[in-house]
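If you want the building blocks of each chain, they are given just below.
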Amino acid sequence: MIDPSYQRDLGDDLSLRFITPDDIEPLAQFNGRIHGRDHFNTFVAQWTREFSAPSHPTCGPTNVTIVEDTRERKIVSSMCLIPQTWTYAGIPIAVGRPEAVGTDPAYRRRGLVRAQFQVLHEKSQQLGHVLQVITGIPWYYRQFGYEYALDLDGGRLVYPSLIPKLGDVELYNIRPMTIADLPFARAMFDRAAARSVVSCPRSDQQWRRMLIDTSRESIDYRSFQVIEALDHYPIGYLATARDFWGTHFVITELAFVEGYDLQRVLPFTLRSLKSIAEAEAQAQSKPLEALYFRLGSEHPAFEAAPYLFHKNRPTYGWYVRVPAVPDLINLIAPVLEARVEASALSRHTGALKITEHMRGVQLIFDDGHITAEAWSPDDSDNAMFPPHTFLQLLFGHRSLADLDYAFADCFADEDAAALLNILFPRHYSNVVPMG
């Protein structure tokens with residue numbers, strides 16, 4: 001394991017190292033400035049204090065790197081690695097999440113982020129992470145081996161002035177969530193996450209941390225509310241962020257008990273959220289133009305009452321890096337085998353050779369059982385993908401037909417195409433990560 005005392009001279013009086021507790025506040029000030037665009041971002045600064053703290057359950061100082069100008073004695077670049085567990089159709093996957101990547105403008109284009117990625121990718125591998133994921137600006141992380149392979153954010157906008165007004169009396173109540181509500185909320189979250197082929201489950205400890213330990217001033221903070229019938233029976237919950245998306249108040253989670261008529265409860269929910277958003281906008285002296293239901297491209301509320309949502313907001317994308325594709329495929333092989341077993345190619349035997357030009361993977365089928373191994377591409381390849389784009393297929397982000405349409409150098413022979421369509425159907429995912 002990389003030692004916490006690791007230090008690397010990058011030349012020009014620049015030194016790369018992991019932080020110590022003494023660096024936390026200077027780093028918070030650095031990140032608040034670097035990630036604030038035209039203002040100091042207090043939410044990012046507080047989030048930095050939290051993920052850098054020794055008390056953080058998965059990150060802490062030993063997973064946070066900085067590049068320091070030793071002559072000026074200041075931080076000029078930084079990033080972190082937040083370990084977590086995701087699932088693929090229920091199978092746990094160890095994931096490393098690099099985040100808070102930033103460099104002082106005067107020190108950019110010197111390879112400082114690349115040097116830190118080298119360290120944190122190595123550490124992520126040592127921690128047993130099968131993949132790394134990151135959110136970020138367009139294109140940038142592709143140069144470090146990442147590819148857009150999962151939907152990120154997106155959803156619907158609601159304009160406050162168009163929310164249906166109360167006609168008689170409210171039939172529901174909304175109140176802050178308490179510790180006593182966690183079993184209910186966790187069951188609701190787990191059921192909602194099951195609709196997503198890739199998800200990030202939450203432990204009881206993580207739920208408690210989000211509800212109690214995360215500061216209201218952190219970008220990671222969520223305000224959780226329980227929606228009740230008038231007899232105080234809980235029928236759903238929601239979560240909102242304090243950090244606005246421009247002029248949009250953000251709803252990050254919304255879930256209801258199974259079998260409830262959402263057309264009845266959604267108007268009340270929208271009116272309640274309007275009041276919450278207006279109060280928060282006033283407290284922060286921010287304009288409020290819309291409620292942003294950042295729930296992904298699909299959600300039961302969008303299906304139940306599309307007329308209550310006024311505008312679609314397209315999804316962006318998670319960057320995903322898979323250092324060894326065979327390792328991931330072998331991990332999720334039970335899911336892939338079940339898909340084959342339920343298809344017209346049940347108990348298939350044969351080989352599927354896939355090239356991404358810079359690397360390849362061979363899937364060996366033995367009476368329906370699947371083993372993956374690294375493959376050196378040659379003229380016997382059955383399927384061809386531009387570098388890293390196979391990840392879009394693997395995670396259900398795009399279908400084979402989508403990729404064939406988008407890339408002239410994407411190809412699969414007829415037998416390979418049949419297998420790939422069975423193994424990797426396009427499938428909805430909306431991952432709500434841990435910060």
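Above this text you will find the structure in question.
Residues numbered from 1 in each chain as written. Predicted model: local features only at pLDDT ≥ 70, side-chain atom pairs only at ≥ 80, totals over all residues. Heavy atoms only, no water.

Caption draft 1: Quick peek at the overall build of the protein. When you go through the protein residue by residue, the secondary structure sums to twelve helices and 21 strands. Expected size for 435 residues packed as a compact globule is a radius of gyration near 22 Å; at 23 Å, the protein falls within 12% of this value. For the protein, the spread of C-alpha atoms along the three principal axes comes to 70 × 65 × 40 Å. A burial count over the protein gives 54% of its 435 residues as buried. (Helix = DSSP H or I, 4+ residues; strand = E, 2+ residues; numbered from the N terminus. Rg over C-alpha atoms; globule rule 2.2 N^0.38 Å. Buried < 20%, exposed > 50% of the residue type's maximum accessible area, 1.4 Å probe, protein only.)

Caption draft 2: Region of the structure containing the sheet that holds strand S9 (residues 172-176). If you walk across this open sheet you meet the seven strands as S9-S11-S12-S13-S14-S8-S15, and the pairing is mixed. Strands at the two margins of the open sheet, each flanked by one partner only, are S9 and strand S15 (311-313). Taken pair by pair, the neighbouring strands of this sheet meet at an average axis angle of 30°, ignoring direction. In this structure, S9 lies alongside strand S11 (residues 222-229), joined through five bridges in antiparallel fashion. Each residue of the ladder has a partner; that of Pro176, found in S11, is Gln225. (Pairing = 2+ DSSP bridges. Axes fitted to C-alpha atoms, helices over the stretch in contact; angles between N-to-C directions.)

Caption draft 3: Just the pattern of salt bridges, in detail. Going through the model one piece at a time under the given rule, you end up with 19 salt bridges. A salt bridge links Arg271 to Glu170; the nearest nitrogen and oxygen atoms lie 2.9 Å apart. With Arg271 in helix H6 (residues 262-284) and Glu170 in the loop between strand S8 (155-158) and S9, this residue pair connects regions lying 101 residues apart in the sequence. The class of Arg271 is buried, set by a relative accessible area of 19%. Connected through salt bridges with shared partners, the residues Arg17, Asp23 and Glu68 form a single ionic network. (Salt bridge = Lys/Arg side-chain N within 4 Å of Asp/Glu carboxyl O.)

Caption draft 4: Broad picture of the nonpolar core. Ranked by internal contacts, the top residues of the largest apolar core, which has 93 residues, are Tyr88, Phe293, Leu363, Phe385, Phe390, Phe395 and Leu420. It is H6 that provides the largest number of residues to this core, a total of eight residues. For Phe390, the contacting residues outside a window of four places in its chain are Val325, Ile329, Ile354, Glu356, Val361, Phe385, Leu420 and Phe424. Counting residues in each nonpolar core, the second largest holds 22 residues, with Leu14, Leu16, Tyr141 and Tyr146 among its members. (Core = buried A, V, L, I, M, F, W, Y, C linked by side-chain atoms within 4.5 Å. Contact = heavy atoms within 4.5 Å.)

Caption draft 5: Structural view of the sheet that holds strand S20 (residues 383-384). Reading across from one edge, S19-S18-S17-S20-S21 is the order of the five strands in this open sheet, with mixed pairing throughout. Of all the strands in the sheet, the pair left with one neighbour each is strand S19 (369-374) and strand S21 (411-412). Relative to S21, S20 is paired through two bridges, and the arrangement is antiparallel. Within S21, the residue paired with Met384 across the bridge is Phe411. Sheet strands touched by helix H9 (residues 333-341): strand S18 (360-366) and S19. Its angle to S19, the strand with the most contacts, is close to 130°. Against the sheet, helix H12 (residues 414-423) engages strand S17 (350-355), S18, S19, S20 and S21, with an angle of about 85° to S17.

Caption draft 6: Inspection of helix H1 (residues 24-34) at higher detail. Inspection of H1 places Ile24, Leu27, Ala28, Phe30, Asn31, Gly32 and Ile34 among the buried residues, and these make up the whole buried set. Where H1 is buried, its residues meet helix H2 (42-52), strand S3 (64-69), strand S4 (74-88) and strand S5 (91-103).

Caption draft 7: Quick peek at the pairing of S4. Judged by how many residues are buried, S4 sits mostly within the fold: 13 of 15 residues are covered. Sheet analysis places S3 next to S4, joined by six bridges and oriented antiparallel. Each residue of the ladder has a partner; that of Val64, found in S4, is Cys80. Counting the residues in the hairpin turn of S3 and S4 gives four residues, including Arg73, whose phi is positive at 55°. In this sheet, S5 lies alongside S4 in antiparallel orientation, the contact comprising eleven bridges. By the bridge assignment, Thr87 is partnered in S5 with Pro92. The turn joining S4 and S5, which pair antiparallel and follow one another in sequence, is formed by two residues; a positive phi near 50° is taken by Ala89. Bridge analysis of S4 against strand S10 (residues 198-199) gives two bridges, and the strand direction is antiparallel. Note on S10: the bridge partner recorded for Tyr88 is Val198.

Caption draft 8: Focus on the packing of helix H4 (residues 182-193) against helix H5 (residues 204-213). Direction vectors running N to C along H4 and H5 enclose 110°, while the axes themselves pass 11 Å from each other. Put simply, H4 runs roughly perpendicular to H5. For the pair H4 and H5, contact is made by Leu182, Ala185, Arg186 and Phe189 and by Asp204, Trp207, Arg208 and Leu211, respectively. Each residue belonging to the contact of H4 with H5 can be placed in one class, and the counts come to five nonpolar, no polar and three charged. (Parallel < 35°, antiparallel > 145°, perpendicular 65-115°, else oblique. Nonpolar A, V, L, I, M, F, W, Y, C, P; charged D, E, K, R; others polar.)

Caption draft 9: Summary view of unusual backbone geometry. In this structure, Ala100 is a non-glycine residue whose phi angle is positive, near 50°. Tracing the backbone through its elements, the reader meets Ala100 in strand S5. For Ala100, a relative accessible area of 5% puts it in the buried group.

Caption draft 10: Inspection of the pairing of S11 at higher detail. Across the eight residues of S11, eight count as buried, placing the element largely inside the fold. Here S11 shows no split at all, with Arg222, Phe224, Val226 and Glu228 on one side and Ser223, Gln225, Ile227 and Ala229 on the other all buried. The pairing of S11 with strand S12 (residues 234-241) spans seven bridges and is classified as antiparallel. In the sheet register, Arg222 faces S12, and the bridge partner there is Ala241.

Caption draft 11: Seen up close, the side chain of His121. Counting through the fold element by element, His121 comes out in helix H3 (residues 112-126). Within the local environment of His121, its side chain forms a polar contact with the side chain of Tyr146, the two groups lying 2.8 Å apart. Setting aside anything within four residues of it in sequence, one finds His121 in contact with Gln132, Phe144, Tyr146 and Arg321. (Polar contact = N/O pair within 3.5 Å; in protein donor to acceptor, adjacent residues only side chain to side chain.)

Caption draft 12: Spatial organisation of the packing of aromatic side chains. On inspection of all chains with the given rule, the structure shows 26 aromatic pairs. Plain terms: the ring middles of Tyr88 and Phe395 are 6.4 Å apart, the flat faces sit at 65° to each other, and that makes the pair edge-to-face. Separated by 307 residues along the polypeptide, Tyr88 in strand S4 and Phe395 in the loop between helix H10 (390-394) and helix H11 (400-406) bring together distant segments of the chain. Accessibility assignment for this pair places Tyr88 and Phe395 in one class, buried. Ring geometry for Tyr141 and Tyr319: centres 5.3 Å apart, planes at 75°, overall edge-to-face. You can see Tyr141 sitting in the loop between strand S6 (131-134) and strand S7 (147-152) and its partner Tyr319 sitting in strand S16 (residues 316-321), a full 178 residues away along the chain. Assessed through its relative accessible area of 5%, Tyr141 is described here as buried. Connected via pairs of aromatic rings, a cluster forms that spans Phe117, Tyr140, Tyr141, Phe144, Tyr146, Tyr148, Tyr316 and Tyr319. Note that Arg202 overlies the ring of Trp207, its terminal NZ or CZ placed 4.7 Å from the centroid. (Phe/Tyr/Trp six-rings, centres within 6.5 Å; stacked < 30°, edge-to-face > 60°. Lys NZ or Arg CZ within 6 Å of the ring centre and 35° of its normal.)

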